[in-house]
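As a plain string of letters, each chain reads:
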Amino acid sequence: NFSFCCHIFVFLALIISIAGRYLNIISGLLWSGSNADQMLSGVDFVWPALMIASSAFQAGASIIKEFIFTDAATRLKGRSLDIFVVNSLGSGFQALFVLFFLPFLTKVKGIPFGQLPSYLKSGAGCFLNFGANALGCDGAPLLPLLYIATNLAFNISVLNVVKISSAVVSSLTVMLSVPISIYILSLPLPYLQEATSLSPFFLFGCLILVSGLIMYNVP
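In this numbering scheme, every chain counts its residues from 1 along its sequence in written order. Residues qualify for local features only when their pLDDT is at least 70, as the model is predicted, and side-chain atom pairs are given and counted only at 80 or more; totals for whole chains, interfaces and linings, by contrast, use all residues. Hydrogens are left out, water is left out, and the side-chain values use all remaining heavy atoms of the structure.

Peer 1: Would you mind going over the overall build of the chain with me for this structure?
Peer 2: Per the convention used, a helix needs a DSSP run of H or I reaching at least four residues, while a strand needs a run of E reaching at least two, with both numbered from the N terminus. The secondary structure content of the chain amounts to 8 helices and 0 strands. For the chain, the α and β elements follow one another from N to C terminus as α-α-α-α-α-α-α-α. Relative accessibility thresholds used throughout: buried, under 20% of the residue-type maximum; exposed, over 50%; partly exposed, between the two (1.4 Å probe, protein chains only). Counting every position in the chain, which comprises 219 residues, the buried fraction comes to 24%. We call two residues contacting when some pair of their heavy atoms lies within 4.5 Å. Taking the contacts inside the chain whose residues are at least 6 apart along the sequence as the reference set, 63% of them involve residues at least 24 apart. Surface exposure here means Shrake-Rupley accessible area, sampled with a 1.4 Å probe, where a residue is shielded only by the protein chains that are shown. With the model as given, the accessible surface of the chain reaches about 15000 Å², and the carbon-plus-sulfur share is 74%.

Have a look at this one:
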């Protein structure tokens, strides 16, 4: 029937969007393997694979947030839940888990846990661009603050998408941000390395991703 066909169409659109995003990442990795001037050159395959696997956690977080907004509409008797409350709680728990996993992260990076305070002190000095050991901290503190502001705006925008639509639309929107970010980083921007070229497969993956997004949003 018509409803079943619509569900199949939506499912195909999701598959196409996901395939387009991962084709961006994988094609960039494979193309760069034999081209030193390409992005992702010399990057092991495990890191893009880890990024792909981590998408499941982002999708799960979007589902939980969608449930929170839906449940809040019932509990608050039609009143809207403030986005900044959800964003603040999410950011707080992120910081909590980072602190919780600090011993594990320091071991992975080869940093003795006893030397962690000195690393944090050096990081704070680099953030403020202060001290004699500020080498490699060009652009601080303006660039770190710009990143924080951009990240907050992005997170709030994604939360707003979850609130007014669904977790699926939010996840697809985040997928679209990946090739856009890769393209921006390939440009000759200040404080970055020289401009790099993108493979034709990257553009093909972008086309597939955008086609899936359009299919999903077709009435």
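So, next bit.
Peer 1: How should I be thinking about the confidence of the model for the chain in this particular structure?
Peer 2: The predicted coordinates of low-pLDDT regions are not to be read in fine detail. Predictor confidence is given residue by residue as pLDDT, running from a minimum of 0 to a maximum of 100. Residue-level pLDDT values for the chain average 75, and 73% of them are 70 or greater. Looking across the chain, the model is least confident in helix 1 (residues 2-32), with a mean pLDDT of 54, and most confident in helix 6 (residues 142-164), with 88.

Peer 1: What's the story with the packing of aromatic side chains in this structure? I'm lost.
Peer 2: We describe a pair of aromatic rings using the distance from one ring centre to the other and the angle between the two ring planes. Pairing of aromatic side chains requires ring centres within 6.5 Å, counting the rings of Phe and Tyr and the six-membered ring of Trp. Pairs whose planes differ by under 30 degrees are stacked, by over 60 edge-to-face, and all others tilted. Overall, the coordinates contain 2 aromatic pairs when judged by the stated rule. Consider the rings of Phe97 and Phe101, whose centres lie 6.5 Å apart with planes at 20°: the pair is stacked. Accessibility expressed as a relative area gives 48% for Phe97, which makes it partly exposed. For Phe101, a relative accessible area of 38% puts it in the partly exposed group. Geometrically, the ring pair formed by Phe100 and Phe101 is edge-to-face, given 5.4 Å between the ring centres and 90° between the ring planes. An aromatic cluster is present here, built from Phe97, Phe100 and Phe101 joined pairwise through their rings.

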